[in-house]
There are 2 protein chains.
Amino acid sequence: MKKYVFGTPIPTGAVVAEAEQCRAEDIPYFSVSDGNVLNFKMDNDTAVYGLGPNVRGINKRGWIYEAFNTDEVLHVEDRRRLYGSHTYLLIDGAVKFGVFIDTAGFASFDIGYTKSDDLTVTVGDGNFTAYIFEADTLTGLVKELRKLTGSSYVPPLWAFGFNQSRWGYKNEGDIRSVLENYRRMDVPIDMITMDIDYMDHYKDFTVDEEKFPKFPEFVSEMDKEHIHLVPIIDAGIKAEEGDPVFEECMEKGYYCKKADKTPFYLAVWPGKCVFPDFMNDDAARWFGDQYKFLTDMGIRGFWNDMNEPSIFYSFDRLKMVMDKIGDYKDKDLDVSAFWEMQALLSKISQREEYTKDFHHTVDGKLISNEKLHNIFGFKMSKAAAEGLERLVPNERTLIFSRSTFVGLHRYAGMWYGDNRSWWEHLKLNVRQAAEANMSGFIYSGADIGGFGSNATEDLAMRWLAFGIFSPLFRNHTALGTRDQEFYRFEKLDDFRNLVRLRYALLPFIYSEVMKTACNDDMYFKPLSFVYEDDKRAKEVEDELIVGDSILIAPVCEQNRTGRYVYLPEKMRLYRMRSQTDYDTQVFEKGDHYIECALNEVLIFVRPGHVLPITDARSVSSSYDVDFDSLTPLKFDENERVEYIQYFDGGTTREMNFEKFTRKIEF
Amino acid sequence: MKKYVFGTPIPTGAVVAEAEQCRAEDIPYFSVSDGNVLNFKMDNDTAVYGLGPNVRGINKRGWIYEAFNTDEVLHVEDRRRLYGSHTYLLIDGAVKFGVFIDTAGFASFDIGYTKSDDLTVTVGDGNFTAYIFEADTLTGLVKELRKLTGSSYVPPLWAFGFNQSRWGYKNEGDIRSVLENYRRMDVPIDMITMDIDYMDHYKDFTVDEEKFPKFPEFVSEMDKEHIHLVPIIDAGIKAEEGDPVFEECMEKGYYCKKADKTPFYLAVWPGKCVFPDFMNDDAARWFGDQYKFLTDMGIRGFWNDMNEPSIFYSFDRLKMVMDKIGDYKDKDLDVSAFWEMQALLSKISQREEYTKDFHHTVDGKLISNEKLHNIFGFKMSKAAAEGLERLVPNERTLIFSRSTFVGLHRYAGMWYGDNRSWWEHLKLNVRQAAEANMSGFIYSGADIGGFGSNATEDLAMRWLAFGIFSPLFRNHTALGTRDQEFYRFEKLDDFRNLVRLRYALLPFIYSEVMKTACNDDMYFKPLSFVYEDDKRAKEVEDELIVGDSILIAPVCEQNRTGRYVYLPEKMRLYRMRSQTDYDTQVFEKGDHYIECALNEVLIFVRPGHVLPITDARSVSSSYDVDFDSLTPLKFDENERVEYIQYFDGGTTREMNFEKFTRKIEF
């Protein structure tokens, strides 16, 4: 692993290992021009991986991507940026290598978009460090990247249970009712998420006392049911006189500033807000300490949001726009003036220009957010994670973030943001799961059923059939959309069987995640990362290898009763309707059309491997799951197989492969 | 075929045949409630077809669709309405029947969205005619619908050539340059479309004299090159004193009116506009006559747009909004007031409420557009087609429309509106092609390469490989997007070979379209319409049967070198790189993974069938194509096969199967 420093990069905190420093002009593979443009010539067969969860294929070739974290509400093919920046690429062609561009500012990755064989990386102002790493395999490259950027965060065991969420649970009563409904349906559950509704006027580190009159008691009540509440925390702090968090933030100067050092006021959910300056170590520590308000009440799980950061408008900009709009009022508007005026207002949210308007204080100097933009969410969630480590030193806590950067995987999980109830986004979820794992975000997932838009029952069920394998296993939807808790639908038995199957798989999923984290590996792997010499496997982006043992092939189309599956080796299918109701059959290496009814899950066990399951028929949460008595689903019934199980009780912060694994012979 | 009249429906003009009238309460299959709700219980295996080109699958089950024509810029899965209303369904389950809901107003089709086995049709105000038709096969149902609503329009032969378009060809020079570039690339071409840029301030029936100083001469110049110019005509007429079209429209009272009978002013591209009242027969005739301005200059092809109708804003609404916005100016805006204000302005375009604000004059009475909404585009394009028939009685002309209704297929073709350069929209195009054919719109197509967003070379090429089969064969893109004329890309030989392959297929495509039109059949058919007893075929929505002879299976994913193909019977593959460069192989009925490089097209010839091609290696337009000397691509080389070729010279308005077909023995 070698590093090449261009200009004077601002440290990002992404890297934890030392790499040999070489002269920038000696960087291999790339030709450099203009001090900030790196060009690599791809041969026809080169595939390019990396960039974290993003739009389009796992193989990123053929599009242009930009690293500039954005609260993007529409995850469609022509977008170039989403919430996070994972500025690395793994090149898989005649040569195999990885490159990580360590910069907190803008970068673009033109991967054969402008010219089919040109991979061109353009890095904002030319101040960055490029790390080049090599390995014989793609998994080897992933391990190298992880060596450089650190090992993965894991949450407590209960965070692998089922999580029900919705923007719009207004109060205790709503949350109790969710639990009651799932209890009545006999579906196990571990968590209920609390979206922005729970706060007092959307103020971080408050709880609305009308909606939750005795919140600590409510937390205990839920705790007795083994239900963890997972509140959201947003990046903006309401600018409200008298609010202690705001007042302390202002008093200590821990806020982001305009060039003239006055506070930068912006609007997000609470209305007028300031951003804590997460780049300032004291401010970051102070912010992390604020979580005490909730940990003291028994909360152990958090969901950090709006940290790209999302900005509805800045107050300076709004004033300017309102003044301009006044000018249009008495004009006889033609169409172009009308579009202009409409653009003025509609382009006020998520303006890239805001990143120039506010500043961080680093070593006493103001630096515009533009230059540090992509690590804002990273620093927020790192501050939170470090705060939680101080506050709850003896247990793992749950934390996941919308905005991410390379290195945040050491501190937190992630979810893939505001997707929609689209079949297309179920497919996207499958690809993003592999992409997040590549970056080290093993604990991650998408909103099952889709966040925006209205979910149909078949979509919710197919999504669940994939989601049961996802470490972060959350059903979530937006205000105003159709209810999509599983008990709202018709086929309750099928939904119950699928969620219970997740709990039957829990010992396996937990073990595979922990082993993956210990080994700097990926839990969800594209076929191309496991069967590197298989040309066909390279193009399969709708199947995944889970851990080491199984291949899954979710059905991601409406009105289908089966799908094509490519098997890179002979495997045994378990077509499961529940943990006890399944049929099984061996399939040869190659292409197969395989039936899969709406209530079925296709699991293929690899030769020499085993899928251990537990009896989850009567569990009501992860608390009841038996991690000891496991039943094997084998490739070959008559073959003895070994399974290495990792189990540590699920709360210790210690990661120790030797200590916490046991060999089971089946 | 029977009809059931509910309430007092306003005639739409969709139906041309008489059907036996029965009592509304005797309608079979459906239970009726509230006078406007029809409910049918679907069994598990029922598939539902119809509704014309729309989002989601060919099998429409599992979503809710609305008939209310809308200029929708984002064709994503959760939309319920697009540009046209094709208010019929074909039910394919234990019972097989069709229902056409003849109404010009709002209707919704809940096809198992709210409850999985409920098909619920809700028809606006309860005034409609329901036609029920039956047949043993899906194709039989299509023929019944065609019997009811009339046979399909076909354009002249040259309209089956290649059409290059772009919003943004500013003048003669730009158009000449398109032609020169294609000539240099040696790619045949028949048409260049003229988007709104050609008009004088976007006024219908004008040509900008600065951009086209001698337009009639320019038309002749192009004509000598066998290039047909195809100008756009929009629904709105610029309200400009002194403009003869506007003045005559006002003088004669041929405009749409507010409730107080004053003109309804709205804005579209030209700025302040009125809509001609296409429901008024005199106004419609007058509008059709206006095409004379362009036919006199030699124009024979038209593209009718913005006829949902699209409304950027009404002048009354704009004034109201501007007044309200003034109120916000001095307020201290909180977030909800800000969203409110933003919504005020952003929801001003395409407001459903406008349909209540303007009225048509029918039999001397004002009727709000709301009640006639879905036939506005139909009536505009019908007026144009009838005008052209008067103006150019002895030749077929080209006309296609964005907004459509059942019955417009008698007068015009259609294109599927403003898609995007998305792989997802290439897939959508495949499905919509089948859906348009079901409705009788045989001459139809999508913008190849995609209208909005930036096309990549691989997408453009894969789209072309499907597009060469599309009767309307147009490359079109929006202002501000990446250039996507084929000569802009790198692999010129491959693009040339594909376009030339289209011309080699032209005798076949033309013949199949004409036979289809004569026989009230479909040119593009889903597999489920040809192999009705094949359960697997029912779920295949990414392959199509073209005419009678072939099955096509376009590759619709990025970075793929092949795809799965289901063959419902044994077929012979021709994997074509050009008309002379191909390999061939017989595949058995069943599932296959078939390689298909970026420059290849998969064509499967059915047993007993033949694909006749002509030598298009040196043609420069359809004018040069040899329709007589055809070479057969057969299923079985050693078998004698007959092909019925339809050829009529390509301009006559006479449709006559006996007169214009010949049997060829290969």
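Now for a quick tour of the structure.

Calculation rules
Residues numbered from 1 in each chain as written. Chains lettered and ligands numbered in written order. Predicted model: local features only at pLDDT ≥ 70, side-chain atom pairs only at ≥ 80, totals over all residues. Heavy atoms only, no water. Helix = DSSP H or I, 4+ residues; strand = E, 2+ residues; numbered from the N terminus. Rg over C-alpha atoms; globule rule 2.2 N^0.38 Å. Buried < 20%, exposed > 50% of the residue type's maximum accessible area, 1.4 Å probe, protein only. Contact = heavy atoms within 4.5 Å. Areas by Shrake-Rupley, 256 points an atom, 1.4 Å probe, with all protein chains shown as cover. Lys, Arg positive; Asp, Glu negative; His and termini not counted. Charge placed at Lys NZ, Arg CZ, Asp CG, Glu CD. Pairing = 2+ DSSP bridges. Axes fitted to C-alpha atoms, helices over the stretch in contact; angles between N-to-C directions. Arc of directions from axis to C-beta. Phe/Tyr/Trp six-rings, centres within 6.5 Å; stacked < 30°, edge-to-face > 60°. Lys NZ or Arg CZ within 6 Å of the ring centre and 35° of its normal. Salt bridge = Lys/Arg side-chain N within 4 Å of Asp/Glu carboxyl O. Parallel < 35°, antiparallel > 145°, perpendicular 65-115°, else oblique. Left-handed = near helix turned anticlockwise from the far one by under 90°. Nonpolar A, V, L, I, M, F, W, Y, C, P; charged D, E, K, R; others polar.

## Looking at the overall build of chain A
Counting secondary structure elements, chain A contains 15 helices and 37 strands. On C-alpha atoms alone, chain A measures out to a radius of gyration of 25 Å, which is about the 26 Å that the 2.2 N^0.38 rule sets for 666 residues. On the principal axes, the C-alpha backbone points of chain A span a range of 80 × 65 × 55 Å. For chain A, the proportion of its 666 residues judged to be buried stands at 67%. Partitioning the intrachain contacts of chain A with sequence separation of at least 6 by distance along the chain shows that 73% fall at a separation of at least 24. A total of about 22100 Å² of accessible surface is found on chain A, and carbon and sulfur atoms cover 45% of it. A gap of 1 Å separates the mean positions of the 80 positive and 109 negative side-chain charges of chain A.

## A closer look at the sheet that holds strand β23 (residues 413-415) of chain B
Residue and element names in this part refer to chain B. If you trace the 8 strands from one edge of the open sheet to the other, you get β24-β23-β22-β18-β14-β13-β12-β25, paired in parallel fashion. Each end of this open sheet is capped by a strand with a single partner; those strands are β24 (444-445) and β25 (474-475). Where strand β22 (residues 398-401) lies against β23, 2 bridges are found, and the strand directions are parallel. The residue bridging S401 from the neighbouring strand is M414, located in β23.

## A look at the sheet that holds strand β1 (residues 2-6) of chain B
All names here are of chain B. Reading across the sheet, the 6 strands line up as β2-β1-β11-β8-β7-β5 and stay open at both edges, with mixed pairing between neighbours. Of all the strands in the sheet, just β2 (20-22) and β5 (47-51) have a single pairing partner and so form its edges. Going from strand to strand, the sheet's axes swing by 25° on average, the running direction of each strand aside. As judged from the 5 bridges shared by β1 and strand β11 (residues 128-134), these two strands associate in the antiparallel manner. Pairing of K3 across the sheet is with Y131, part of β11.

## With respect to the environment of Y313 of chain B
You can see Y313 of chain B is positioned in strand β19 (residues 313-314). In this structure, the C-alpha to C-alpha distance between Y313 of chain B and L266 of chain B, residues 47 residues apart in sequence, is 5.7 Å. Excluding residues that lie within four positions of it along the chain, Y313 of chain B makes contacts with L333, D334, V335 and F338 of chain A together with L266, A267, L318, I348 and Y354 of chain B.

## A closer look at helix α4 (residues 244-251) of chain A
Residues and elements named next belong to chain A. The set of residues buried in α4 consists of V245, F246, C249 and M250. Each buried residue of α4 lies within a common arc of 130° when the element is viewed along its axis, so the set occupies one face. Exposed positions of α4 whose direction lies more than 90 degrees from the buried face are P244 and E251. Looking at the residues trailing α4, positive phi occurs at G253, about 70°.

## Here's the deal with the packing of aromatic side chains
Residue and element names in this part refer to chain B. Taken as a whole and judged by the stated rule, the model has 105 aromatic pairs over all chains. Each ring, one from F160 and one from Y443, has its centre 5.5 Å from the other, and the planes form 75°; the classification is edge-to-face. One end of the pair, F160, is in the loop between α1 (138-149) and β12 (163-164); the other, Y443, is in the loop between α12 (423-438) and β24, with 283 residues separating them in the sequence. A relative accessible area of 1% places Y443 in the buried class. Look at Y182 and Y487: their rings are 4.8 Å apart centre to centre, the planes differ by 75°, and that puts the pair in the edge-to-face class. One end of the pair, Y182, is in helix α2 (residues 172-185); the other, Y487, is in the loop between β25 and α14 (492-518), and 305 residues separate them in sequence. Since its relative accessible area comes to 13%, Y487 is described here as buried. Note that R56 overlies the ring of W63, its terminal NZ or CZ placed 4.1 Å from the centroid.

## Quick notes on the pairing of strand β34 (residues 610-613) of chain B
Residues and elements named next belong to chain B. Covered by surrounding structure in β34 are V610 and P612 together with L611 and I613, the residues of both alternating faces. Of the pairings in the sheet, the one linking β34 to strand β35 (residues 631-634) comprises 4 bridges and is antiparallel in character. Looking at the pairing, L611 lines up with L633 of β35.

## A short note on the pattern of salt bridges
In total, this model carries 122 salt bridges over all chains according to the counting rule given. The shortest N-O distance in the salt bridge between K382 of chain A and E386 of chain A comes to 3.4 Å. Of this pair, K382 of chain A and E386 of chain A both sit in helix α11 (residues 376-391), 4 residues apart, which is roughly one turn of the helix. The salt bridge involving R575 of chain B is made with D583 of chain B; its shortest N-O contact spans 3.0 Å. Relative accessible area serves as the criterion here: at 28%, D583 of chain B is assigned to the partly exposed category.

## Concerning the packing of helix α5 (residues 281-290) of chain B against helix α11 (residues 376-391) of chain B
Residue and element names in this part refer to chain B. Running from N to C, α5 and α11 point in directions that differ by 60°, and their axes come no closer than 7 Å. Overall, the two elements α5 and α11 adopt an arrangement that is oblique. The handedness of the crossing between α5 and α11 comes out as right-handed. Of the residues in α11, those touching α5 at A284, R285, F287, G288 and D289 are M380, A383, A384, G387, R390 and L391. Taken together, the residues that form the contact of α5 with α11 break down as 6 nonpolar, 2 polar and 3 charged.

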